[in-house]
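# Working through the structure, step by step
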Amino acid sequence: MYYIWHNNLVLNFSTIAFDSFRDVVNTICFESNSLPFPDGNDRLILHTPNDDISFAFDEDEFEAFRAAIDEAIYMNEVYTLMSKER
């Protein structure tokens with residue numbers, strides 16, 4: 001399982017679902033997919049498989065979210081290496 005903790009979000013994925021989600025997130029271009037929100041900031045809306053839930057990220061939040069995804073992969077690799085040493 002992969003777990004991503006980012007601000008007030010905690011997401012969990014199977015390995016296959018995580019890989020698919022990461023591929024989707026990494027192909028999204030903020031500049032060409034963001035929309036202006038009423039507060040004057042541009043945000044990207046990231047839809048989820050649940051039609052009732054979508055995430056909205058400003059550019060800094062979206063880059064931090066991408067970094068959290070990469071960190072989850074890194075930590076999974078660390079845990080895998082640690083478990084092999086036992």
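Heads up: the structure comes first, above all this text.
The text that follows walks through the structure, step by step, so that each part is easy to find. Quick caveat: nothing in here was measured; it's all calculated off a predicted structure. (Residues numbered from 1 in each chain as written. Predicted model: local features only at pLDDT ≥ 70, side-chain atom pairs only at ≥ 80, totals over all residues. Heavy atoms only, no water.)

## Regarding the sheet that holds strand 3 (residues 34-36)
Here we have three strands laid out as an open sheet, ordered 3-4-5, and antiparallel in their pairing. Sheet topology places strand 3 and strand 5 (54-57) at the edges, where each strand pairs with a single neighbour. Taking each pair of neighbouring strands and ignoring which way they run, the sheet shows an average axis angle of 40°. Alignment of strand 4 (residues 42-47) against strand 5, held across four bridges, turns out to be antiparallel. Opposite Leu44, over in strand 5, you have Phe57 as the bridge partner. Helix 3 (residues 59-84) rests against strand 4 and strand 5 of the sheet, and its axis sits at about 115° to strand 5. (Pairing = 2+ DSSP bridges. Helix = DSSP H or I, 4+ residues; strand = E, 2+ residues; numbered from the N terminus. Axes fitted to C-alpha atoms, helices over the stretch in contact; angles between N-to-C directions. Contact = heavy atoms within 4.5 Å.)

## Notes on the side chain of Ser34
With respect to the helices, strands and loops of the structure, Ser34 is situated in strand 3. Residue Ser34 is classed as buried on the basis of its relative accessible area of 15%. Sequence-distant contacts of Ser34, defined by excluding residues within four places in its chain, comprise Asp42, Arg43 and Leu44. (Buried < 20%, exposed > 50% of the residue type's maximum accessible area, 1.4 Å probe, protein only.)

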